[in-house]
Amino acid sequence: MSKPRIHILALGGTIATRPDASGVMQMGAGADDLVKAVPLLATVAEVQAETVSRVGSHSLSFDQIHALAAKIATLQADGVVVTQGTDTLEETAFLLDLLVQLDIPVIVTAAMRNPALTSADGPGNLLAAVRVACDAWIRRHARALGVLTVMLDEVYAAADVIKAHPTRLNAFMASQTGPIAALVEDRVVPLGLPVRDAIDAARKKLGKASGAAQPVALLWMGLDEPGHLIEALLGASDRLGYRGAVVAAMGGGHVPEPLADRMGRLAAALPTVISSRAGGGAMLRHTYGGPTSEIALRKMGIIWGGRLHPLKARVLLDTCLRAGLARDTIAEVFDAFG
Ligand code: ASP
């Protein structure tokens, strides 16, 4: 039987670094190098490798991921594996999930340990991602699974996966749902299908979402936050170039009381989404009173980000704005996330 055709698209990241003369890791390896380092790939799939860029994922842009999504849609393949850096994988995978809808697996993988280290995880993650892309259950449910991330033999849904540690080998997790499958020996063990109603509903409204860049400010709330950045944004005639804002609020959706007036003005000035700095998770809607409780913030017209992590809420808001959605439609899109 012929092997599945898997197209590997390499963007860069630690998985594609090489040591320079001083031993410092620099971007450099392309898709062919990554494939050459894993001879077993040829026993699993018919691999085609393409180098898209050689950049750290901390320097990727929304435009680059939109272009990548458009490229993926044109590929003649049975599955696609994207390799990139880990730093922004939780965002790029979710953006691809919003933009790409195919009946083939689309998987994003990366490496925490660089190729100069004895226990580099890049080759193993690449092989695992290709194995997952070739798996019959994954292929059968490709559309229901959406874009996936494979790290350390675990398979995560793009909307749920987060990078939870800066350096540890097991840096990735999905704190709300856990992995949707595990790779054991050479087989995929399914654990569950992701709930995608909110994503499917969003995708219907988003269409191609191909408009110009729509910068979204991410404002992280901390103890005693004075709100000077919000004030600066409101005071600037061009809103400092921002078209929307995500506020990573405390707990179930709260900010410090002295910010009440500013939050109301922010919501009037820009589509403003609140999600929880606790790392995402469904927030409250009608439990607490007070000037900056969830009840008050929602009355101000602030959009409720549902269970999305603030980084993913920012990706979704950018995508909604690129699609030219009106504020009320954006609120509906987010509302479906719980
Ligand atoms: N800075 C790197 C990147 O995201 C880190 C990594 O790949 O893990 O590209």
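Residues numbered from 1 in each chain as written. Predicted model: local features only at pLDDT ≥ 70, side-chain atom pairs only at ≥ 80, totals over all residues. Heavy atoms only, no water.

A. The pairing of strand β14 (residues 244–249), seen in detail. Burial analysis of β14 places six of its six residues in the buried class, the great majority of the element. By the bridge criterion, five bridges tie strand β13 (residues 216–220) to β14 in an arrangement that is parallel. Bridged to valine 216 within β14 is glycine 244. For the segment spanning β13, helix α9 (residues 228–235) and β14, crossover handedness is right-handed. Where β14 and strand β15 (residues 272–276) come together, five bridges link them in parallel fashion. Within the sheet, the bridge partner assigned to alanine 249 lies in β15 and is serine 276. (Buried < 20%, exposed > 50% of the residue type's maximum accessible area, 1.4 Å probe, protein only. Helix = DSSP H or I, 4+ residues; strand = E, 2+ residues; numbered from the N terminus. Pairing = 2+ DSSP bridges. Right-handed = clockwise from strand over helix to strand, strands pointing away.)

B. Molecular detail of the site of the ligand. Inspection of the region around the ligand gives Gly13, Thr14, Gly56, Ser57, His58, Gly85, Thr86, Asp87 and Ala111 as its neighbouring residues. Here an oxygen atom of the ligand sits 3.3 Å away from a polar atom, N or O, in the main chain of alanine 111. In the complex, the protein chains occlude 87% of the 260 Å² of accessible area that the ligand would expose alone. Split by residue class, the shell around the ligand holds one nonpolar, seven polar and one charged. (Near = heavy atom within 4 Å. Polar contact = N/O pair within 3.5 Å; in protein donor to acceptor, adjacent residues only side chain to side chain. Areas by Shrake-Rupley, 256 points an atom, 1.4 Å probe, with all protein chains shown as cover. Nonpolar A, V, L, I, M, F, W, Y, C, P; charged D, E, K, R; others polar.)

C. Representation of the sheet that holds strand β12 (residues 187–190) in the model. Pairing is mixed across the open sheet formed by eight strands, whose spatial order is β4-β1-β5-β6-β7-β8-β11-β12. With one partner strand each, in any of the chains shown, β4 (46–51) and β12 form the two edges of the open sheet. The average angle at which neighbouring strand axes cross in this sheet is 25 degrees, direction not considered. Judged from the four bridges that link them, strand β5 (residues 79–83) and strand β6 (residues 106–109) form a sheet pairing that is parallel. Of the residues in β6, the one forming a bridge with threonine 83 is threonine 109. Sitting on the sheet, helix α4 (residues 89–99) touches β5, β6 and β7 (148–151), and the angle it makes with β6 is about 170 degrees. Contacts from helix α5 (residues 122–134) reach β1 (5–10), β5, β6, β7, β8 (154–157), β11 (181–184) and β12, with the element oriented near 170 degrees to β6. (Axes fitted to C-alpha atoms, helices over the stretch in contact; angles between N-to-C directions. Contact = heavy atoms within 4.5 Å.)

D. Here's a closer look at the side chain of glutamate 90. Here glutamate 90 shows up in helix α4. Buried charged residue glutamate 90 carries no salt bridge. Nearest counter-charge: lysine 312, at 5.6 Å. Only 3.1 Å separates the side chain of glutamate 90 from the backbone nitrogen of lysine 163, close enough to count as a polar contact. Here glutamate 90 is in contact with Ala158, Val161, Ile162, Lys163, Leu311 and Lys312, once residues within four sequence places are set aside. (Lys, Arg positive; Asp, Glu negative; His and termini not counted. Salt bridge = Lys/Arg side-chain N within 4 Å of Asp/Glu carboxyl O.)

E. View of the packing of helix α12 (residues 310–322) against helix α13 (residues 327–335). Between α12 and α13, the shortest axis-to-axis distance is 11 Å and the interhelical angle comes to 145 degrees. Crossing angle aside, the handedness with which α12 passes α13 is right-handed. The segment α12 lies against α13, with Ala313, Leu316, Leu317, Cys320 and Leu321 engaging Ile330, Val333 and Phe334. When grouped by side-chain class, the residues that make up the contact of α12 with α13 number eight nonpolar, no polar and no charged. (Left-handed = near helix turned anticlockwise from the far one by under 90°.)

F. Inspection of the environment of arginine 239 at higher detail. Among the structural elements, arginine 239 can be located in the loop between α9 and β14. On a C-alpha basis, the gap between arginine 239 and alanine 269 in space is 8.4 Å, while along the polypeptide they are 30 residues apart. Apart from the residues lying within four places of it in its own chain, the contact partners of arginine 239 are Leu233, Leu234, Ala269 and Leu270. Looking at arginine 239, its side chain comes within polar contact range of the main-chain oxygen of leucine 234, at 2.9 Å.

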